[in-house]
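One letter stands for each residue in the lines below.
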Amino acid sequence: MAEAPVAIIMGSQSDWATMRHAAEALDILGIAYDARIVSAHRTPDRLVSFAKGAKAAGFQVIIAGAGGAAHLPGMTAAMTPLPVFGVPVESKSLSGEDSLLSIVQMPAGIPVGTLAIGRAGAVNAALLAAAVLALHDSALAQRLDAWRDRQTASVAERPSDEG
Ligand code: RP5
């Protein structure tokens with residue numbers, strides 16, 4: 001069994017600049033993860049091996065980030081019963097709209113919970129993973145509540161010239 005309940009997978013090293021934000025959010029919440037490069041196109045055998053073995057390896061949630069023709073989240077979801085959250089990575093040529101549409105437009109029957117393009121999507125994928133895990137982990141649920149409380153407390157009532 002994997003010690004980490006969350007797998008963060010991404011199609012390329014270049015996706016880490018985005019996906020590291022998911023990792024940082026999980027770090028803050030005290031959730032262990034395993035981050036791996038798994039490309040649907042360049043390492044298809046690695047994808048099959050990972051996705052088919054993810055549940056048996058002890059993972060409970062998968063966060064999958066990819067850009068461009070972003071088949072990684074959908075192909076992963078097709079080979080595992082675990083919940084898969086997809087993060088569209090911002091692409092150079094189409095600013096991530098290609099990533100978003102190729103992740104979100106799954107056919108009925110194989111769901112991928114698709115987040116926003118880029119950093120916001122990566123952070124929110126981590127928060128959704130935390131919410132899933134918190135259903136059966138009261139200590140984590142408290143940490144997640146505290147995280148939200150800190151966020152609320154950090155919002156000023158009025159704008160400042162200081163930024
Ligand atoms: C996708 O192609 C990856 O997820 C990445 O977002 C994109 C570009 O990959 P690199 O050419 O930077 O390796 O498979």
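Conventions adopted
Residues numbered from 1 in each chain as written. Predicted model: local features only at pLDDT ≥ 70, side-chain atom pairs only at ≥ 80, totals over all residues. Buried ≥ 20, exposed ≤ 12 C-beta atoms within 10 Å, placed from the backbone. Helix = DSSP H or I, 4+ residues; strand = E, 2+ residues; numbered from the N terminus. Pairing = 2+ DSSP bridges. Right-handed = clockwise from strand over helix to strand, strands pointing away. Near = placed C-beta within 6 Å. Nonpolar A, V, L, I, M, F, W, Y, C, P; charged D, E, K, R; others polar. pLDDT = per-residue confidence, 0-100. Core = buried A, V, L, I, M, F, W, Y, C linked by C-beta atoms within 7 Å. Contact = placed C-beta atoms within 7 Å. UniProt positions renumbered as here; feature names shortened; annotations may be inferred.

## As for the pairing of strand β3 (residues 61-67)
Then, number 1: Counting buried positions over the 7 residues of β3 gives 7, a clear majority of the element.
Then, number 2: Side-chain alternation along β3 places V61, I63, G65 and G67 on one buried face and I62, A64 and A66 on a second face that is also buried.
Then, number 3: Summarising the sheet, strand β1 (residues 6-10) and β3 pair through 5 bridges and their orientation is parallel. The residue of β3 that forms the bridge with V6 is V61.
Then, number 4: In this sheet, strand β4 (residues 84-89) lies alongside β3 in parallel orientation, the contact comprising 6 bridges. Its bridge partner lying in β4, I62 is registered against V84.
Then, number 5: Crossover connection from β3 via helix α3 (residues 72-78) to parallel β4: handedness right-handed.

## Comments concerning the site of the ligand
Then, number 1: Inspection of the region around the ligand gives G11, S12, S14, D15, S39, H41, A66, G67, G68 and V89 as its neighbouring residues.
Then, number 2: Taken together, the residues of the shell around the ligand sort by class into 2 nonpolar, 7 polar and 1 charged.

## So, the confidence of the model for the protein
Then, number 1: Of all residues in the protein, 99% have pLDDT values of 70 or greater, and the mean over the chain is 97.
Then, number 2: Both confidence scores are given for the complex: pTM 0.97, ipTM 0.97.

## A short note on the nonpolar core
Then, number 1: In this structure, V6, A22, I63, V87 and A126 are the most contacted members of the largest nonpolar core, which totals 42 residues.
Then, number 2: Of all the secondary-structure elements, those providing two or more residues to this core are β1, α1 (16-29), α2 (44-53), β3, α3, β4, α4 (97-104) and α5 (119-134).
Then, number 3: When residues of this core are assigned to their parent elements, the largest contribution, 6 residues, is made by α5.
Then, number 4: A126 has contacts with A22, A25, L26 and I63, leaving out every residue within four places of it along the chain.

## Brief notes about the UniProt feature "domain: PurE" (unreviewed entry) in the protein
Then, number 1: UniProt marks residues 4-155 with the feature "domain: PurE" (unreviewed entry), using the numbering shown here.
Then, number 2: Taken end to end, residues 4-155 comprises 47% helix and 16% strand; its first and last C-alpha atoms sit 32 Å apart.

## Considering the sheet that holds β3
Then, number 1: Overall, parallel pairing links the 5 strands, which are arranged β2-β1-β3-β4-β5 in an open sheet. Two strands in the sheet have a free side with no partner beyond their single neighbour: β2 (33-37) and β5 (113-114).
Then, number 2: Pairing geometry for β1 and β2, over 5 bridges, is parallel. Each residue of the ladder has a partner; that of I9, found in β2, is R36.

## Focus on the UniProt feature "binding site: substrate" (unreviewed entry) in the protein
Then, number 1: Under the feature "binding site: substrate" (unreviewed entry), the UniProt entry names S12, D15 and R42. Taken together, the annotated residues stretch across 31 residues yet fold into one region, lying no more than 14.1 Å apart by C-alpha.
Then, number 2: Its location among the elements puts S12 in the loop between β1 and α1.
Then, number 3: Judged by the 18 C-beta atoms lying within 10 Å of it, S12 is partly exposed.
Then, number 4: In contact with S12, not counting residues within four places along its chain, are I37 and S39.
Then, number 5: With respect to the element layout, R42 can be found in the loop between β2 and α2.

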